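Chains, contacts and geometry: an overview
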Amino acid sequence: MKLKIKKINRGLLLGAVLIIVMVFVIIADNRRFKKEKNDIEKNISDYASELSQWSVTPQKYQNSSVNYSPEDKQKIISGFSDFTDKYWTSADSMPLNFYGNEIGDFRNSIKELVNDEYEDYITDMSMSVRNIKVGQDGPNGAKVNCTIDIIVSGTSECAYISPGGYDNVYNEGNGLYKSNIESECTFYLERVSGMWKITGCESYGWNSQSVLLSDGEESGEEASE
């Protein structure tokens, strides 16, 4: 009887020790995550800033017949692949209700852009992040919700790469327009070798205001799907 009690006590003690260890691990992980929030915010801001330059059409192709040479296509695709690897990584799994793009889809968005047969081009583009909220998503995961303000200067109908992948902006009429796009984004990130990388992004943007650059007249609001 005493032997059984001793075995039970040892089992309870071991269970209690494991629980205490788990609590300390969770507390330590939460503290580490809080310290890394600023790094995650900076990572998303840097990503958006660098991404905006990949949609700008090279000056020699800023005309009514955009047709990239095979050499320039390959150079742009290769450079964008390196950019993608800098900020993205593959995920083992994504949430069941995830409807955005993962690394493969995002990487291919540059191919859609340079192979676009429409007569459109972009002369300038910028992205800035605001209303950013960072939350923990598992032991080595993070979820970021934010608004990204995108300013696109280009032809009335032009393709660009949004934070989540290939997208378009539409304006009625001809000429060059400056379009202000608000993009609501949800990023999923994973800590990989001490660095935070994107595993998926859901984004939806709309053109809140467009200005015809030639005379400053405002056009109506148009949706950017």
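Residues numbered from 1 in each chain as written. Predicted model: local features only at pLDDT ≥ 70, side-chain atom pairs only at ≥ 80, totals over all residues. Heavy atoms only, no water.

With that out of the way, let us pick up the overall build of the chain. Of regular secondary structure, the chain possesses three helices and eight strands. Secondary structure elements in the chain, listed N-terminal to C-terminal, are α-α-α-β-β-β-β-β-β-β-β. Expressed as a percentage of its 225 residues, the buried residues of the chain come to 39%. Within the chain, contacts between residues separated by at least 24 positions form 67% of all contacts whose residues are at least 6 apart in sequence. Counting every atom, the chain has about 13100 Å² of accessible surface; 51% of that belongs to carbon and sulfur. (Helix = DSSP H or I, 4+ residues; strand = E, 2+ residues; numbered from the N terminus. Buried < 20%, exposed > 50% of the residue type's maximum accessible area, 1.4 Å probe, protein only. Contact = heavy atoms within 4.5 Å. Areas by Shrake-Rupley, 256 points an atom, 1.4 Å probe, with all protein chains shown as cover.)

Let's shift gears to the pattern of salt bridges. As enumerated under the stated definition, the model contains seven salt bridges in all. Notably, a salt bridge pairs Glu 50 with Lys 86, separated by 3.0 Å at the nearest N-O pair. Of the two residues, Glu 50 is situated in helix α1 (residues 2–51) and Lys 86 in helix α2 (residues 70–87); the sequence distance between them amounts to 36 residues. With its nearest N and O atoms 3.5 Å apart, the salt bridge here joins Arg 130 to Glu 182. Here Arg 130 is found in strand β1 (residues 122–136), whereas its partner Glu 182 is found in strand β5 (residues 176–192), with 52 residues between them in sequence. On the basis of relative accessibility, which here comes to 23%, the residue Glu 182 falls in the partly exposed class. Salt bridges here are not isolated pairs; linked through shared partners, they connect Arg 130, Asp 149 and Glu 182. (Salt bridge = Lys/Arg side-chain N within 4 Å of Asp/Glu carboxyl O.)

Below, the discussion takes up the packing of aromatic side chains. Within a pair of aromatic rings, the relevant descriptors are the distance that separates the centres and the angle that separates the planes. For the structure shown, the criterion picks out 13 aromatic pairs. With a centroid separation of 5.8 Å and 10° between ring planes, the pair formed by Tyr 47 and Phe 83 is classed as stacked. Of the two residues, Tyr 47 sits in helix α1 while Phe 83 sits in helix α2, which places them 36 residues apart along the sequence. We classify Tyr 47 as buried; its relative accessible area is 0%. Here Phe 83 falls in the buried class, since its relative accessible area comes to 5%. Here Tyr 204 and Trp 206 contribute two aromatic rings whose centre-to-centre distance is 6.1 Å and whose plane-to-plane angle is 35°, an arrangement assigned as tilted. (Phe/Tyr/Trp six-rings, centres within 6.5 Å; stacked < 30°, edge-to-face > 60°.)

Residue position: Cys 146 is located in strand β2 (residues 141–155). Linking Cys 146 and Ser 203, residues 57 residues apart in sequence, is a C-alpha distance of 9.7 Å.

Among the residues making up helix α3 (residues 103–114), those that are buried are Ile 103, Phe 106, Ser 109, Ile 110, Leu 113 and Val 114. What you see down the axis of α3 is that its buried residues fit within an arc of 125°, all on one side. (Arc of directions from axis to C-beta.)

Another aspect to go through is the pairing of strand β4 (residues 165–170). It is a general feature of regular strands that their side chains alternate between the two faces of the sheet. One ladder, built from six bridges, connects strand β3 (residues 157–162) with β4; its direction is antiparallel. In the strand pairing of β4, Glu 157 is matched with Tyr 170. (Pairing = 2+ DSSP bridges.)

The next subject is the confidence of the model for the chain. Regions with low pLDDT carry predicted coordinates that are not meant to be interpreted in detail. Per-residue pLDDT for the chain averages 83, and the proportion of residues at 70 or more is 77%. Here residues 216–225 scores under 50 on pLDDT; set against residues more than four positions off or in separate chains, the count is 30 contacts. (pLDDT = per-residue confidence, 0-100.)

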